[in-house]
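# Per-entry structural report
Spelled out, the chains give:
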Amino acid sequence: MGNKQIKQHLETAQKTGILKISLQRLQDFPPQLKSYPNVLKTLDLSQNRFERIPEEIGRLTLIKHLNMSGNQIIELPQVLGELIKLEVMLMNDNMIAKIPDALANCSNLKTVNLSHNQIGEFPIMLCGLKHLDILDLSRNKITSVPNEIATLHVTELNLNQNQISNLSEGVAACPKLKTLRLEENCLQVTAFTPRILKDSKISILAVDGNLFNSKQFSDLDGYETYMERYTAVKKKMF
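Residues numbered from 1 in each chain as written. Predicted model: local features only at pLDDT ≥ 70, side-chain atom pairs only at ≥ 80, totals over all residues. Heavy atoms only, no water.

### What to know about the overall build of the protein chain
A count of helical and extended segments in the protein chain gives 4 helices and 11 strands. Principal axes of the C-alpha set define a box for the protein chain whose edges measure 65 × 35 × 30 Å. Residue burial in the protein chain is summarised as follows: out of 238 residues, 47% are buried. Across the protein chain, every contact between residues at least 6 apart in sequence was considered, and the portion connecting residues at least 24 apart equals 34%. (Helix = DSSP H or I, 4+ residues; strand = E, 2+ residues; numbered from the N terminus. Buried < 20%, exposed > 50% of the residue type's maximum accessible area, 1.4 Å probe, protein only. Contact = heavy atoms within 4.5 Å.)

Here's what the structure looks like:
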């Protein structure tokens, strides 16, 4: 995409609040964004070749929807915490290893997709965000789900294809969690305690591809209670 086309996109975005420049092999942010008026509500720079997000993005405080998926980003800057209106953050398919603590300031976040990155630790700064509904951390390198998960407010958490061998019983205390995906991890059947199966609100628990078989899972204390919730949800769907 030439400078002329980018200029046209930027001019249009001043009127619409939507800037989409994807699939253009861009390696650097358009320099015009550094002095761009604060009007953007949607910024889509997906499927490019960015390795970093510049500090100037912190000026764009009206952004609600940020899509930087499919790039080569290694680290997210602390300045993202200044995007306090942010509702949707799509950073999947990058090379991100670390999540900034400042994301805890983004209290309006509803959907966060960080799948297919290099994240090694569960991002506890997202716990406590009251509006966060869907969190996708699949295909990363997370090894443990910590006690802080008890304050995670999502209804759906995807942790498929990580390296998780430790699951905190705090997951049973999640106030809204209905769907928990833990397929293809390193969990023993004993990770699923009676408290998780009996006392949580989880009604869809995906656990295939761990270090146990389906019979071992169905023999667990609390499995029948979990299945009652599962069946109730399936009945509502049909």
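Still more ground to cover, so stick around.
### Here's the deal with the domain arrangement of the protein chain
Taken domain by domain, the protein chain comprises domain 1 (1–118) and domain 2 (119–237). The C-alpha centroid of domain 2 is placed 30 Å from the C-alpha centroid of domain 1. Across the boundary between the two partners, domain 1 contributes 21 residues, which contact 17 residues of domain 2. Overall, the association of domain 1 and domain 2 removes approximately 1600 Å² of surface from exposure, summing both partners, and the carbon and sulfur fraction of that is 57%. At the boundary of domain 1 and domain 2, one finds 1 salt bridge. The salt bridge partner of Asp93 is Arg139, with a shortest N-O separation of 3.8 Å. Taken together, the links from domain 1 to domain 2 amount to 16 residue pairs in polar contact (both at pLDDT 80 or more). Taken together, the residues of the side of domain 1 that touches domain 2 break down into 10 nonpolar, 8 polar and 3 charged. (Domains from an automatic or database assignment. Buried area = accessible area lost by both parts, 1.4 Å probe. Salt bridge = Lys/Arg side-chain N within 4 Å of Asp/Glu carboxyl O. Polar contact = N/O pair within 3.5 Å; in protein donor to acceptor, adjacent residues only side chain to side chain. Nonpolar A, V, L, I, M, F, W, Y, C, P; charged D, E, K, R; others polar.)

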